[in-house]
Amino acid sequence: MQTHFCSEYRSRTQPSDNAAQSSAADKSGLPAGTLIHIGTKHQSECKISVIQYNAETLIRHDITSISELQQLQNTELITWVNVDGLSNIGIIEGIGHELDIHPLVLEDILSTHQRPKLEEYDDFLYMVIKGISLDQKTNFCLQYEQISILLLTKYVITFKEKSDDTFDPIYSHLKNRNGRLRQYGSDYLAYVILDTIVDEYFVVEDSLDDVIDPLEDNILFNSSRDMLQTVQHIRRSLISMKRNISPLRELLATIQRIDTPLLQEKTLRYFGDVHDHVLRVTDSLESYRERISAMHDIYLSSISNKLNETMKILTIFASLFIPLTFIAGIYGMNFEYMPELKWRWAYPAIWVIFILISVGLLIFFKKKKWI
Amino acid sequence: MQTHFCSEYRSRTQPSDNAAQSSAADKSGLPAGTLIHIGTKHQSECKISVIQYNAETLIRHDITSISELQQLQNTELITWVNVDGLSNIGIIEGIGHELDIHPLVLEDILSTHQRPKLEEYDDFLYMVIKGISLDQKTNFCLQYEQISILLLTKYVITFKEKSDDTFDPIYSHLKNRNGRLRQYGSDYLAYVILDTIVDEYFVVEDSLDDVIDPLEDNILFNSSRDMLQTVQHIRRSLISMKRNISPLRELLATIQRIDTPLLQEKTLRYFGDVHDHVLRVTDSLESYRERISAMHDIYLSSISNKLNETMKILTIFASLFIPLTFIAGIYGMNFEYMPELKWRWAYPAIWVIFILISVGLLIFFKKKKWI
Amino acid sequence: MQTHFCSEYRSRTQPSDNAAQSSAADKSGLPAGTLIHIGTKHQSECKISVIQYNAETLIRHDITSISELQQLQNTELITWVNVDGLSNIGIIEGIGHELDIHPLVLEDILSTHQRPKLEEYDDFLYMVIKGISLDQKTNFCLQYEQISILLLTKYVITFKEKSDDTFDPIYSHLKNRNGRLRQYGSDYLAYVILDTIVDEYFVVEDSLDDVIDPLEDNILFNSSRDMLQTVQHIRRSLISMKRNISPLRELLATIQRIDTPLLQEKTLRYFGDVHDHVLRVTDSLESYRERISAMHDIYLSSISNKLNETMKILTIFASLFIPLTFIAGIYGMNFEYMPELKWRWAYPAIWVIFILISVGLLIFFKKKKWI
Amino acid sequence: MQTHFCSEYRSRTQPSDNAAQSSAADKSGLPAGTLIHIGTKHQSECKISVIQYNAETLIRHDITSISELQQLQNTELITWVNVDGLSNIGIIEGIGHELDIHPLVLEDILSTHQRPKLEEYDDFLYMVIKGISLDQKTNFCLQYEQISILLLTKYVITFKEKSDDTFDPIYSHLKNRNGRLRQYGSDYLAYVILDTIVDEYFVVEDSLDDVIDPLEDNILFNSSRDMLQTVQHIRRSLISMKRNISPLRELLATIQRIDTPLLQEKTLRYFGDVHDHVLRVTDSLESYRERISAMHDIYLSSISNKLNETMKILTIFASLFIPLTFIAGIYGMNFEYMPELKWRWAYPAIWVIFILISVGLLIFFKKKKWI
Amino acid sequence: MQTHFCSEYRSRTQPSDNAAQSSAADKSGLPAGTLIHIGTKHQSECKISVIQYNAETLIRHDITSISELQQLQNTELITWVNVDGLSNIGIIEGIGHELDIHPLVLEDILSTHQRPKLEEYDDFLYMVIKGISLDQKTNFCLQYEQISILLLTKYVITFKEKSDDTFDPIYSHLKNRNGRLRQYGSDYLAYVILDTIVDEYFVVEDSLDDVIDPLEDNILFNSSRDMLQTVQHIRRSLISMKRNISPLRELLATIQRIDTPLLQEKTLRYFGDVHDHVLRVTDSLESYRERISAMHDIYLSSISNKLNETMKILTIFASLFIPLTFIAGIYGMNFEYMPELKWRWAYPAIWVIFILISVGLLIFFKKKKWI
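Source: prediction; values computed, not measured.

Asker: So what's going on with helix α4 (residues 103-110) of chain A? Which residues, and what values?
Answerer: For α4(A), a buried count of seven out of eight residues is recorded, marking the element as mostly surrounded by other parts of the structure. Inspection of α4(A) places A:Leu104, A:Val105, A:Leu106, A:Glu107, A:Asp108, A:Ile109 and A:Leu110 among the buried residues, and these make up the whole buried set.

Below, the structure is given as structure tokens:
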């Protein structure tokens, strides 16, 4: 009877008894500074893709070990390293060592329950942001993925929990030799990555519309329990989306304010554009939240209305026939001396009484606007 | 049975399966920087009207191509270009190229799901603002339209989604040779445009009053399902209005603070006046929201009250006649040895008992204040 | 059946089909800068009273035209011009011209839907504030009036929508030759005017107490529909009061901060005192709002409680007699072969059964704490 | 039936028809600057106690007139003047004149409806703070008292509405010759006074715990109307406490920030300590508010649950016996030609039918988990 | 019937009639500056452990008196003194005297109802923070413990209410000679202590998930009273957690901002990391709060739904059989002249009528979608 909404979704966002998952709490007994992967493990191996480009050149390498990465160092080109899957701690440690990344950052990359945040270090910026995708459109099933971005002068390193097609638009974008992406620096690449992730939010928002609009139209007329379940499911989705998206506003406000040679003046405007997008998404989430909350009120009123109607029908039937039944009962008594029983017109007379009482009560109910 | 409120309204503000509509989500796979029109397409062609004026002269051209626009350049006059309809991307690109507009701005003009915002560029200001109009007054049906304003030293360019009469008051205002509008610069024209759009909000607010006031008076006495539907509809309208209007407060606070040669000192005071108007509208929206929310509470209480009354009637009828029917039932039994049946005064006595029980119960209900 | 609360009140605060009223929306088609009176017209003529005073002298003139006002110019004395009624636009224009008032201010004076606000101009301060008075104390009927105050070095000009006794305490105060009012400058007069208006709020607050306190005591025991109506009415009054009073906090915080020669150091302390009063009023409004909202919860619980009790009575009666009636019904059947009917002690036995069942059920209901 | 909670409390915090009470509203017609006592008059005479001390000396005088006070001036000692009772305006005026207190402060001391606040004057600080005490612990009955504190270099003047034992701990504290209080200046005395008043809040908080904890445990199982009344009473108490305590946070934050020779650096830390206490109290009030609000939700659910159970019992009884009674009714009809009546096994058969129907319905109800 | 949730928990967080407990209120009569232990006394003796370390050395002493502590002074090593149990005031006074701690700090250490806070003194930092642990996982029973941290140049002193295993991870961490903890200063030790305490919050959060997730899935289908009790219990736990955790955000924001030689630049980053953790916890608490509140709405709707269904069944049964019973009653009357009784086909005819009425009503209920 109970429809299972997104059983997948549960195991990804909340700790369960899944063996392949370790929570922040599990780490509480370990000395700070030990690198372990906290969160659901999505895949057993890491995939590393390295893209190097400038206005003229574009090279892509799919490598599997950190040593290959070291051979690819090239100061002429902008290097984008994308790591899909966090299970191979060696690779993350290797990259950290290569680029002199603060150990706390490496810990945060591996712990996939981070809040979206921006941290400024001497020679790099560290961003954490949540990718959201729809698993099944029909049941509105959300999937979250933590994406870490390291921005250096000539490098952008991204870490994703699993390999999916989120970054495909960027790859095709890069192929366009005259695109801004090929002309600008690594900061513009970081912007394009952020923008691509935030654009996914709009896809989610659109399917929310597809779910909420018909719900809102129907809830007044067809208040079933399934509907209540859907409302509850959307409410939970909105709460988790808000939690994962709203810190982005602060992140993007900060990125426009900080004074760092890593970000060029002309790129800031683009980050401002992503900021606007995020504000639009959070405005929408707030609207949805209000609409869902209003829907609940409507639902309650609607049930009460129905109860009222049911009770009116019961009351009409009961109040109409119970007195009549009593009267019939009277003349069903077996007393020897009941003069009315002998009367010639008693039986027609009792029918007249029945009809008068019924009409009287129906007029009363009519006056009460029940019928 | 289900009244259709504003089916129009839906297709304009939310993505639907309408073929002529493309949402932000559709763009998520395209490289950033490609100009496409995002949102419902309201009309197939663009209408461009160019008005050039100073204190002495006033010329109006209705043109259809970007080349005609180029011939109209005139540094003596203030030029106001209004573009109705966004389907012809060539025109927007042409204007962008002509006036050296940042590509992000052109993208934003074409994407009609923007939040109201103000962006300051080196030689122009870019404002996005939402026009709100009433489609049908009876059903309180709102229409939103995105209006983009570019303010340059001698130019004001406005982009509207469709051609309507929103700007008519400005045209007639311009004809007044001694009006401030003809004396002041392009920044004053931008103010007049903003003011005209915000004045439309008051029209909407007034018809909200016309809907909410009778609703508030009736909800206590006449709590039908139609009323609930209207309340729900207004609630949704308020949520969407808030979302489209409230960012304007920030926009107008910013415009009074920024330091740009595009805005003259004496015009700032006028923008402050629009700011006050927007504050008034948002205050009203908040009041309406509180009143609608209070109305819902009243509605629920009112239904509960009615249920209570229904149940009292049922209880009175049932409690009164069920015991009497039982007594009648006793003497309807066919036992051979029932001494009462033979008694001479049994029948009148049973009537006395009936009456005593009824009176007793009625006194009990009276004491409970049910009758 | 429906009590009419404050029909007066409605027509003053909200646009209606009243012919003598023009709303902000009506103005939306007019060129900015045209002076027209927006709001309900309370009276057809303007009354102008001019009071000129210093420590030694106090002169009062009741004039009717702007030309008389011009003759009264006197730089030795502080001149307080009070205009009751806004229908004569000529007078407002005349004063504006005389004292060189910015056209936007004149527009705001005439538009009586302003938010309370403070505007600083080069040589004057402009304040808008709402006077609140009680029309009928029994029904708690509020009247709002917009009062505009212009403060110049030697002048205070006040504009009221209608003539009433709001300013009478100031007139009597002025007669006291040794009062601070006679010693201090025009800024102190502006303070006294503000203080007098804010003191009226306390009168309203006190009668709110007179309404809310008995309501709160009774709602648990006597939850009638009238009570619900009163609660709804007070809720609406609180919403409108909040809307009209709360911007005053900002106004008075600003007035203590601005640096202008119009306000003397020693007067600022007095404005701080009014600020405290306004904070007290808004604190109270917030408390009332919470109490009204709590009352609604209580009301709902109270109805539900009552319903519960009603249902218990119904259930007791029905559950008690329905089984008994069934048993009586059995022995009312006319089967030929029903051995019990012939038994000698069947009838007394059936009474024993009746009593046993009744007692059993009563014990059951007792255990459920229903009786 | 209606328990009277704190009738005392009402007359103290809200204006009533009590003759001995004058409200802020009563003053609205008087010229600003007239000293009158606003609020409930708690006692007819003033009691003045003067304590003078330094590290070596401690003298206490109980005086009754202002002239005695003038004789006690002594610049060697710190002088603490405590005035209990505000009815004797002469005394307050006298002290005001003696110490050159701003007239607005004297007005505020006499008006006992002040918000807690801090005002900085050239040579003194003025604080208003509310003392809260429990009148009856069983009914949780709060008493508010306005305490005004004037802090000068060598003087602390306190004004209380009535004489009670609030300051007794300070008196005994003063007797300790080696206590910090005797070593430090008048600012430390002011701190001790504030601390003593705030400590009283914890007493109130503790008895709130004593009331709320059992309530929370019982409301799920025993949702009577008395409980609802208690919940409502506590809610009101919390609203009034919040109103009287929360402005203290600002007061104490300000006192640590202001730069005045009246407060020594080393005393500021102590005011910070009181600040922490007030934050703790306001945190608690917020927690209580949330718990009370949650309790109301629980209460409503609990009533609905009960109603549901009542209805189940009614439905089981009615649905079980109504069909059976109908069948019995059929064979109670007196038609001449009813073949079943003659059948030999009809009566036992009908019993079989009765039992089958009952068992069927009971299984149905069992399946619905009603029994 | 009433399950006892965490009776332990009550006595720890709220004052009760427990003899071993003294509340803040008890202190209100004592002179400020007297050291007494306020709060539940968890154990009768104090346990002092002293750990001294640098990169090379690590010594641990378990001592019982303050004199032993004095002998352990060593400026070469970092000394961490941990005091478990606050009942021995002499020890706290001794340490205070030894290290010249401000008396207010000693008072705060002993009063275990503090809000988490940070205080900066000339030569030390004082932090109060609440440790949270789970007593029983099944009933979600929280235990709070106040932990005070004093950070000096070479010393860290921690005071805990009782001895438990909270700090065990730090001890094992210290044994790692190459760990950052051994290399860095006392500020890093303070960070590790804070981090260890905050990590415990995640354990609590995880078990909250374990309780809330199944609750959320079941509440729609199985709305029992036990569930309501659990919801209420979690709500209270969330309120108390929020109260104890949320001030930490401010504490950790402040610690990164203050300019003190006690904190090294490189350690600040680590405090920033703890700050992120606390933000994550408070975000989660907020999400839980919203989910619990949504659950309550669902619960109410669910009960109303059930009531509706119950009433439909009752109405169907009653409305179906009451009219039929009436008809049967008519022909059970004993009038002498009832022609129908004599008719040959009357009895079959009456059955036809019975069936027609039943079918008609069933169609009616079908149309209403009740069956």
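Asker: Lay out the interface of chain E and chain A with the relevant residues and their values.
Answerer: Each side of the interface is counted separately: chain E has 65 residues, and chain A has 69 residues. Buried area between chain E and chain A, summed over both chains or domains, comes out near 6200 Å², and the portion from carbon and sulfur atoms is 61%. Looking only at chain E, the three residues that lose the most surface to chain A are E:Arg269, E:Phe326 and E:Phe335, adding up to 11% of its buried area. The tally of links between chain E and chain A comes to seven salt bridges. A:Arg236 is the partner of E:Asp217 in a salt bridge, and the nearest nitrogen-oxygen pair spans 3.5 Å. Counting across the chain E and chain A interface gives 20 residue pairs in polar contact (both at pLDDT 80 or more). Broken down by secondary-structure element, the contributors of at least two residues to the side of chain E that touches chain A are α5 (168-175), α7 (186-218), α10 (265-330), α11 (339-342) and α12 (346-367) of chain E. Element by element, the count of residues in the side of chain E that touches chain A is highest for α10(E), at 32 residues. Residue classes in the side of chain E that touches chain A are distributed as 29 nonpolar, 14 polar and 22 charged.

Asker: Give a detailed account of the packing of helix α5 (residues 168-175) of chain C against helix α7 (residues 186-218) of chain C, specifying residues and quantitative values.
Answerer: Residue and element names in this part refer to chain C. At a minimum axis separation of 9 Å, α5 and α7 run at an interaxial angle of 140°. Classified by the interaxial angle, the pair formed by α5 and α7 is oblique. Considering only the axes of α5 and α7, their crossing is right-handed. For the pair α5 and α7, the contacting residues are Pro169, Ile170 and His173 in the first and Leu189, Val192, Ile193 and Thr196 in the second. Its residues assigned to classes, the contact of α5 with α7 shows five nonpolar, two polar and no charged.

Asker: So, the relation of the copies chain E and chain A: which residues are in play, and what are the values?
Answerer: At an RMSD of 0.1 Å, chain E and chain A line up after a rotation of 72° and a shift of 0.1 Å along the axis. Taken together, the rotation and translation relating the two chain copies correspond to the operation of a five-fold axis. Identified as the residue of chain E closest to the rotation axis by C-alpha distance is E:Gly332, at 4.6 Å. Each copy contacts the other with its own distinct surface, as only 17% of the interface residues of chain E are interface residues in chain A too.

Definitions and limits used
Residues numbered from 1 in each chain as written. Chains lettered and ligands numbered in written order. Predicted model: local features only at pLDDT ≥ 70, side-chain atom pairs only at ≥ 80, totals over all residues. Heavy atoms only, no water. Buried < 20%, exposed > 50% of the residue type's maximum accessible area, 1.4 Å probe, protein only. Helix = DSSP H or I, 4+ residues; strand = E, 2+ residues; numbered from the N terminus. Contact = heavy atoms within 4.5 Å. Buried area = accessible area lost by both parts, 1.4 Å probe. Salt bridge = Lys/Arg side-chain N within 4 Å of Asp/Glu carboxyl O. Polar contact = N/O pair within 3.5 Å; in protein donor to acceptor, adjacent residues only side chain to side chain. Nonpolar A, V, L, I, M, F, W, Y, C, P; charged D, E, K, R; others polar. Axes fitted to C-alpha atoms, helices over the stretch in contact; angles between N-to-C directions. Parallel < 35°, antiparallel > 145°, perpendicular 65-115°, else oblique. Left-handed = near helix turned anticlockwise from the far one by under 90°. Least-squares fit on C-alpha atoms with pLDDT ≥ 70 in both.

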